[in-house]
Amino acid sequence: MKMPHNAFKAALAKREPQYGIWAGFATGYASEIVAGLGYDWMLIDGEHAPNTVPSILSQLQAVMPYSTAPVVRAVTGDTVLIKQLLDIGVQTLMVPMVETAEQARVLVQAMRYPPHGVRGVGGGLTRATRWDAVPDYLNTAHEALCLIVQVESRLGVENVEAIAAVEGVDAVFIGPADLSTGLGHIGNPSHPEVQKQIRHAVDATLAAGKVCGILAPAEEDARRYMSWGCQFVAVGIDISLLRQAAKENLARYREPQETVTASRTY
Ligand SMILES: O=C(O)C(=O)C[C@H](O)[C@@H](O)CO
């Protein structure tokens, strides 16, 4: 069989806008429901959702028949974890909290086989190769893989030009929640200083010839970031959407007895 097509990578290369949704339920069942809705991509979150390698695998299998492309966020840029994720068939990988070009280079190496990198060979044991059915996987894997690095700290923004310029980094994704917190504006990505840093990160990424993405569940934020040049934007979070819809549904029938509010970080 042919190497599975990475439609998300192809769309980024064509500079097509890509609307995404954050998937936090950590089950194939929930991810499949959302995958049938027409979003261009879905972030399967291994950082803040209770995911493991097997639960990520079951979500990849669940969304496979749909046009929504899975993007998997690892909990960390650990080379061994990246090997496992690529072996189960992750093609687009997001890594949080990348702060230097050196860190980005290590991630690129983790995604490539020697002599271009350090990825271990799983061969016929792996879903990535479709258990050896994909011809010449070792020599062609890198063509279908896509690396997104998250810039979400003061240091990351300081180094964003160099990070984005690393060969093998396909895109930069800005994390407004962590960035605002790191800049001392906890829970306030709209603060002018945070917005200035976000805009700088977008500009620098585009200047390096790379693609920029961001999480923006509020429509006015999403539209502003797209007008700045962000090409792939996560415009919703499945858990927040369920919670909001469930609250609104009940409110049609009775006044809230008690508001269980937590501060909304996103
Ligand atoms: O900093 C951010 O913003 C992100 O990286 C996204 C958050 O981690 C995500 O959990 C929002 O719910």
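Residues numbered from 1 in each chain as written. Predicted model: local features only at pLDDT ≥ 70, side-chain atom pairs only at ≥ 80, totals over all residues. Heavy atoms only, no water.

J.: How should I be thinking about the overall build of the chain in this particular structure?
T.: Secondary structure summary: the chain contains 12 helices and eight strands in total. Within the chain, contacts between residues at least 6 apart in sequence are counted, and of these 65% link residues at least 24 apart. In the chain, which carries 22 positive and 27 negative side-chain charges, the distance between the mean positions of the two groups comes to 3 Å. (Helix = DSSP H or I, 4+ residues; strand = E, 2+ residues; numbered from the N terminus. Contact = heavy atoms within 4.5 Å. Lys, Arg positive; Asp, Glu negative; His and termini not counted. Charge placed at Lys NZ, Arg CZ, Asp CG, Glu CD.)

J.: Please explain the sheet that holds strand E4 (residues 92-95) as it appears in this structure.
T.: Strand pairing in a sheet takes place through backbone hydrogen bonds and is either antiparallel or parallel in direction. One closed barrel holds the eight strands; their spatial order is E1-E2-E3-E4-E5-E6-E7-E8, and the pairing between them is parallel. Between one strand axis and the next, the sheet turns by 25° as a mean value, whatever way the strands run. Both strand E6 (residues 171-174) and strand E7 (residues 211-215) contribute to a ladder of four bridges, which runs parallel. Note that in E7 the partner of Phe173 across the bridge is Gly213. Strand contacts of helix H10 (residues 192-207): E6 and E7, with the helix running at about 155° to E7, the strand carrying the most contacts. (Pairing = 2+ DSSP bridges. Axes fitted to C-alpha atoms, helices over the stretch in contact; angles between N-to-C directions.)

J.: Looking at this structure, how should I read the site of the ligand?
T.: Around the ligand, the structure places Trp22, His48, Arg73, Gln150, Glu152, Gly175, Pro176, Ala177, Asp178, Leu215 and Ile237. Contact distances for the ligand include 3.3 Å between an oxygen atom and a backbone N or O atom of Gly175. Between Pro176 and the ligand, the recorded distance is 3.2 Å, taken from a backbone N or O atom to an oxygen atom. If the ligand stood free it would expose 330 Å²; the protein chains cover 89% of that surface. Looking at the shell around the ligand element by element, the count peaks at three residues for helix H9 (residues 176-182). For the shell around the ligand, a count of residues per class yields five nonpolar, three polar and three charged. (Near = heavy atom within 4 Å. Polar contact = N/O pair within 3.5 Å; in protein donor to acceptor, adjacent residues only side chain to side chain. Areas by Shrake-Rupley, 256 points an atom, 1.4 Å probe, with all protein chains shown as cover. Nonpolar A, V, L, I, M, F, W, Y, C, P; charged D, E, K, R; others polar.)

J.: Looking at this structure, how should I read the UniProt feature "domain: HpcH/HpaI aldolase/citrate lyase" (unreviewed entry) in the chain?
T.: Here, the residues flagged by UniProt with the feature "domain: HpcH/HpaI aldolase/citrate lyase" (unreviewed entry) are residues 18-244. Between the C-alpha atoms that bound residues 18-244 there is a distance of 24 Å. The span itself is 43% helix and 18% strand. (UniProt positions renumbered as here; feature names shortened; annotations may be inferred.)

J.: Explain the pattern of salt bridges here, please?
T.: If you walk through the whole model with that rule in mind, you get nine salt bridges. Across the pair Arg154 and Glu193 runs a salt bridge whose closest N-O atoms are separated by 3.9 Å. Taken together, the positions of Arg154 in helix H7 (residues 154-158) and Glu193 in helix H10 put the pair 39 residues apart, joining distant regions of the chain. On the basis of relative accessibility, which here comes to 29%, the residue Glu193 falls in the partly exposed class. A salt bridge links Arg224 to Asp221; the shortest N-O distance between them is 2.9 Å. With Arg224 and Asp221 both in helix H11 (residues 219-228) and three residues apart, the pair spans about one turn of that helix. For Arg224, a relative accessible area of 23% gives the class partly exposed. Residue classification places Asp221 among the buried positions, given a relative accessible area of 12%. Residues participating in the shared-partner salt-bridge network are Asp45, Glu47 and Arg73. (Salt bridge = Lys/Arg side-chain N within 4 Å of Asp/Glu carboxyl O. Buried < 20%, exposed > 50% of the residue type's maximum accessible area, 1.4 Å probe, protein only.)

J.: How do you make sense of the environment of Ala35 when you look at a structure like this?
T.: Along the chain, Ala35 turns up in helix H2 (residues 28-35). Since its relative accessible area comes to 2%, Ala35 is described here as buried. Along the sequence, Ala35 and Ala23 sit 12 residues apart, while their C-alpha atoms lie 9.7 Å from each other. Ignoring anything within four residues of it in the chain, the contact list for Ala35 reads Met42, Val63, Tyr66 and Thr68.

J.: For this particular structure, what's the right way to read the side chain of Thr126?
T.: Here Thr126 lies in the loop between helix H5 (101-110) and helix H6 (137-144). Residue classification places Thr126 among the buried positions, given a relative accessible area of 5%. With residues up to four places along the chain from it excluded, the contact list for Thr126 reads Asp87 and Trp131.

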